[in-house]
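Given next are the chains, with one letter for each unit.
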Amino acid sequence: MEEYKKQVIGDILLSINTYEKVIKFEKYRDILGDCKIYLFDEEYSNLGSSFGNYQLGICGIYGAGDYTKTWVIDSFHDLKKSYLQIGKTLDLDLNIFTYLNNIMQGRNMKLNRTEIVDYLNYIKLKGFQCGITSALMERATKYMPLNILSDMLISFVKFVKFDKISYVDESKLDIYLNEDDYAWAKQMYDMALALSQEELKQYDIICCCVMKAYLIKKCDSSLGVNEKIDKFIYFCLHDLNCYLEKEIVLLALYLSDDERTKKTFEKLEKISKIEENILNVSWDIYHIRLIEQIMLYDNMKEKEKTILSYFATADKGLIDAMNINPLKAFVIIDNYPISYHSLNINDVCRNNCILEEIDTMESIRRIKIKTIDFRRIKQQLQLEIHGYQDEMRRL
C-alpha cells in the first residue's frame, strides 16, 4: 500500500474527536479510494451492550476491540447517515471446539456440562456465524489422531445445523446430516490436512520472538531495561527481518517487568515444561493477530454490511494479553489491514536509530524475509533454551 495513504490515515486518526475524523475523511475521500475505518473508542456509539464481550464460567466471547464503542467511517456510505447493517462472526478456539465435540459426542467432562451447553446455546441464540479457522491452524501444530479430527468436524457441522441443545446428559446427540453436510465436513478435513508451513509461518515468527525475549530476560540480566528492549528489537529487524509491532510492544513490556504482563507470561517463570509453555504463550499472542486477520477477511468483500469478528475461547492467558494493549482502530484500505493499538513502538523504544530503521528499511526487510528459514532459527533458540535449563538444574 502506498505510504502516503498510511500518512493520510494517521492524520485522520490524530483528530481529537469522531466528528473531526469524519470531516477529514471526506476531505481525503478521493485519495483513499476503498477504505473502511473502524473506531473502537467512540463513547457515543449506539451499538450497545449486545455487541460487547460475553462470559459464562470459563468460556467467553471477545471482540477484536470494544465493539460497544464502534463507529465506522467508510467510502461506501453517506457519512451523514447513521444506519449501518451489522453482522457477527465467531471463530472458535481449539479449547471451545473440543468442548463442543465432547457435548455432541456425549463424552464425560470434568467441566460444568450444563454451563457449557448454555454457552453454546447463547452462541446460537445471538446469531453468530461460526468458523474454526484458528482451531484448525492450532491443531496443525499439535498431534491429533485423524479419527478424532474427523469426529470433531462432524460435531461442528451438527452444531451449525441445530437450533438449540435441549438436554445435557452424557449421550450422543443424534442430528441428521445430509450429503451436502458431509461434503462440507470433508472439505474442512482436507483443508486442515493441507495447511502448509507457509500458512503457519507467522506462528513460527512469533515463537522466535517469544523465545528470544525469554532468553534475553533470563540470560542478559546485567543489561538495563532499554538495552534489553533494543537487543530484542534488533533481533526482530535483523535476524527475522520483520517488524510485528503489536507483538514487539507486548514483549518489550514483558522485558521491562511491566505489571500488566504478569498474568500473560506467568507460565514462563516455571523452569519445568518451559518449551511447552513458550509455545502456548506464542499461541495466545498469535490469536490476537488471527482475530484481526479474520476481521479483514470477513469485511474485504462487504460493501453494504459491516462484519464484527469475535473469538470464542476459554484461555484466560489470551484475554489477559488482549487487555494489555487493546485495539483502538482497525483500517482496511485497498484490502490491506492496519491496526492501531493503545500503545505503539514509541511507548516502549527510546532508541532513535532503531525507530528510524523501522520506518526507512521496510522495503529491504520485505525482500530479505523471503529467504529466512524461521524453523531453523526456532530450533537454534530451542537449543539455547535447553542450555539455559541445564545450567539452572546444575545450580
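Along each chain, numbering runs from 1 in the same order as the chain's sequence is written. Reporting in this predicted model follows two pLDDT cut-offs: at least 70 for local features of residues, and 80 or more for side-chain atom pairs to be given and counted; totals over whole chains, interfaces and linings ignore these cut-offs and use all residues. Calculated side-chain values reflect all of the structure's heavy atoms, with hydrogen atoms and water omitted.

### Observations regarding the sheet that holds strand E7 (residues 305-313)
The condition that has to hold: By definition, two strands form a pair when at least two bridges between them are found by DSSP. Secondary structure elements follow DSSP: runs of H or I no shorter than four residues count as helices, runs of E no shorter than two count as strands, and numbering proceeds from the N terminus. Interaxial angles span 0 to 180 degrees and are taken between N-to-C directions of axes, which are lines fitted to C-alpha atoms, for helices over the stretch in contact. Two residues form a contact once any of their heavy atoms are found within 4.5 Å.
One open sheet holds the five strands; their spatial order is E2-E3-E7-E5-E6, and the pairing between them is mixed. Taken across any chain shown, the strands that pair with only one partner, and hence form the sheet edges, are strand E2 (54-56) and strand E6 (129-131). Along the sheet, successive strands turn relative to each other by an average axial angle of 25 degrees, direction set aside. Two elements, strand E5 (residues 85-92) and E6, share three bridges in a ladder whose sense is parallel. Directly across from Leu90, in E6, lies its bridge partner Cys130. Of the strands in this sheet, E5 and E7 are in contact with helix H12 (residues 274-299), which crosses E7 at around 150 degrees.

### What to know about the packing of aromatic side chains
Here is the rule we go by: Aromatic contacts are taken between Phe, Tyr and Trp rings whose centres are within 6.5 Å, Trp giving its six-membered ring; a plane angle under 30 degrees counts as stacked, one over 60 as edge-to-face, and the others as tilted. Exposed residues in this analysis have more than 50% of their type's maximum accessible area, buried residues have under 20%, and partly exposed residues fall in between, with area computed by a 1.4 Å probe over protein chains only.
In the structure shown here, the tally under the stated rule is 13 aromatic pairs. Aromatic pair Phe159 and Phe162: ring centres 5.4 Å apart, planes at 75 degrees, arrangement edge-to-face. Judged by its relative accessible area of 1%, Phe159 falls in the buried class. Between Tyr203 and Tyr286, the ring centres sit 6.1 Å apart and the planes meet at 40 degrees, which makes this aromatic pair tilted.

### A few points about unusual backbone geometry
In this structure, Asp334 takes a positive phi of about 50 degrees despite not being glycine. With respect to the helices and strands, the residue Asp334 is situated in the loop between strand E8 (327-333) and strand E9 (336-341). For Asp334, a relative accessible area of 37% gives the class partly exposed.

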